[in-house]
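# Structural overview for review
Single-letter residue listing:
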Amino acid sequence: MKANCWMGKQKVEVRDVPDPQILNSGDAIVRITSTAICGSDLHLYNGYVKPMKKGDILGHEFMGEVVEVGSGVRTLKVGDRVVVPFTIACGACWQCRHQNWSLCENSNPNVALAEKMLGHSGSAGFGYSHLTGGFAGGQAEYARVPFADVGPLKIENGFSDEQVLFLSDILPTGHMGAEMCDIRPGDTVAVWGCGPVGLFAIMSARLLGAERVIAIDRFEYRLEMARQCGAETLNYETVDSVSDAVIELTAGRGPDSCIDAVGLEAHGDGLEYAVDKAKQALKIENDRPIALRQAITACRNGGTVSVIGVYGGLVDALPMGTVMNRSLTIKSGQCHVHRYMRPLLEHIENGDIDPTVVITHRMKLSDAPRGYDIFLNKQDGCEKVVLST
Ligand SMILES: [Zn+2]
Ligand SMILES: [Zn+2]
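Heads up: these notes are all about the structure in this document. What you see is a predicted model, and the numbers here were worked out from it, not measured in a lab.

This part is about the coordination of the zinc ion (ligand 2). Coordination of the zinc ion (ligand 2) by the protein involves Cys90 (SG), Cys93 (SG), Cys96 (SG) and Cys104 (SG), with metal-donor separations of 2.3 to 2.4 Å. Here the zinc ion (ligand 2) binds 4 donor atoms, and the angle range of 102 to 118° at the metal identifies the geometry as tetrahedral. Expressed as a motif, the donor residue spacing for the zinc ion (ligand 2) is C-x2-C-x2-C-x7-C. Using a relative accessible area of 7% as the deciding quantity, one classes Cys93 as buried.

Okay, structure coming up:
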């Protein structure tokens, strides 16, 4: 089959690789019809999330048709159309029983590596480095899906791939980011980053009752999309201090909650950005937490900072004194996708959310390298690339 493979820093290649096989009785093989490139794929592409091996198949947002099931699979059959959550979860361990699907204790075969880097391991995931198990991803013609009775969501309403594909990651991730804010009527929520996850966080914050959403980015086309989703916008390149500008927009109090939908490759102006870039180059800091620092500083006393942007390792100059003295709550996590797929499918069916609005580019799987390039460089108004096989 054809698959998009990581071949080194900023190098991906669509290559011929062996078809996946059923390895365990709970596996299914899915023939992929649609897949997408995610902002978090860029962290792999740019070499910030390790370890990767040459030839690893990328992609964790995919859907398609079941073409084979293992002998133990009960709920899926050949011909079923499914969206696959990016996290791989067993459904039986302590964390899965507590609905913390991205923390499954059974799915990651590389626990020792994750424990060394993170203290404990999270769940496995598709196409997301050997830290999360080294599972082949879904930017491919086929994928092996472990625990097939637990993760995949059957699509039986006749909706198009584009309407439901993002249930695999970015829609639940944006939604969890808003949900972690415990939004109350009248609340103001600020969202750093107007990529697809940021846009879904904006839509979800509105859906959950936020009165105002303030969206922060530097690209006008992304800010325009945020306005279409119901946000007020702030182009951070037009202000000296992002935190001050956000505090000013909220009459001096600060937003009730702040969502970091940017993560470890944040950009910024001036000295702070230069220092973080230099530390990354010297390998004394892995992540640039510029958006996170701003979110913490801007948040109102007693507010919540919700972190859904991906971080991989150590950050410097995190304002912990601000967190402690101003009673801030920080919530974070890889999305517990399984929790949100069905309720969000209902929101799509009811017309509350139209996930297709984030799509700007449609390509063939064979064009994946070009897709990575224009997405990374924000060329041609690129917000979200969907690949079809
Ligand atoms: Zn993703
Ligand atoms: Zn589990």
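What follows covers the nonpolar core. As a rule of thumb, soluble globular proteins bury nonpolar side chains together. Core analysis: the largest hydrophobic core is formed by 51 residues, its most contacted members being Phe166, Leu167 and Ile202. The element best represented in this core is helix α6 (residues 196–207), accounting for 7 residues.

Another aspect to go through is the side chain of Asp217. Here Asp217 shows up in strand β12 (residues 212–217). Here Asp217 sits buried without a salt bridge, and the closest side chain of opposite charge, Arg222, lies 4.7 Å off (N-O distance). Not counting residues up to four positions away in its chain, the partners in contact with Asp217 are Gly193, Cys194, Gly195, Arg222, Leu223, Leu234, Asn235 and Tyr236.

With that settled, the discussion passes to the coordination of the zinc ion (ligand 1). The expected angle between donors at a tetrahedral four-coordinate metal is 109.5 degrees. At an octahedral six-coordinate metal it is 90 or 180 degrees. At 1.8 to 2.2 Å from the zinc ion (ligand 1) lie its protein donor atoms, namely Cys38 (SG), His60 (NE2), Glu61 (OE) and Asp169 (OD). Around the zinc ion (ligand 1), the 4 donor atoms are arranged such that angles at the metal cover 92 to 129°; this shape is classified as tetrahedral. Written as a sequence motif, the donor arrangement for the zinc ion (ligand 1) is C-x21-H-E-x107-D. Taken together, the residues span a long stretch of sequence, with Glu61 in the loop between β4 (56–57) and β5 (62–69) and Asp169 in the loop between α4 (161–164) and α5 (170–179) at a distance of 108 residues. Residue class for Glu61 comes out buried when judged on its relative accessible area of 0%. Residue Asp169 is classed as buried on the basis of its relative accessible area, which comes to 5%.

Pairing is parallel across the open sheet formed by 6 strands, whose spatial order is β13-β12-β11-β14-β15-β16. The open sheet terminates on both sides in strands that have one partner only, identified here as β13 (232–235) and β16 (329–332). Neighbour-to-neighbour, the strand axes of the sheet open up by a mean angle of 20°, direction not taken into account. Contacting β12 and β13, helix α7 (residues 220–228) runs over the sheet at an angle of about 165° to β13. Strands in contact with helix α8 (residues 242–249) are β11 (188–192), β12 and β13; relative to β12, the strand with the most contacts, it is inclined by about 160°.

Each value, and the rule that gives it
- Residues numbered from 1 in each chain as written.
- Chains lettered and ligands numbered in written order.
- Predicted model: local features only at pLDDT ≥ 70, side-chain atom pairs only at ≥ 80, totals over all residues.
- Heavy atoms only, no water.
- Donors = N, O, S within 2.8 Å, 3.2 Å for Na, K, Ca; no water.
- Tetrahedral: all angles 85-135°; square planar, octahedral: opposite > 155°, others 65-115°.
- Buried < 20%, exposed > 50% of the residue type's maximum accessible area, 1.4 Å probe, protein only.
- Core = buried A, V, L, I, M, F, W, Y, C linked by side-chain atoms within 4.5 Å.
- Helix = DSSP H or I, 4+ residues; strand = E, 2+ residues; numbered from the N terminus.
- Lys, Arg positive; Asp, Glu negative; His and termini not counted.
- Salt bridge = Lys/Arg side-chain N within 4 Å of Asp/Glu carboxyl O.
- Contact = heavy atoms within 4.5 Å.
- Pairing = 2+ DSSP bridges.
- Axes fitted to C-alpha atoms, helices over the stretch in contact; angles between N-to-C directions.

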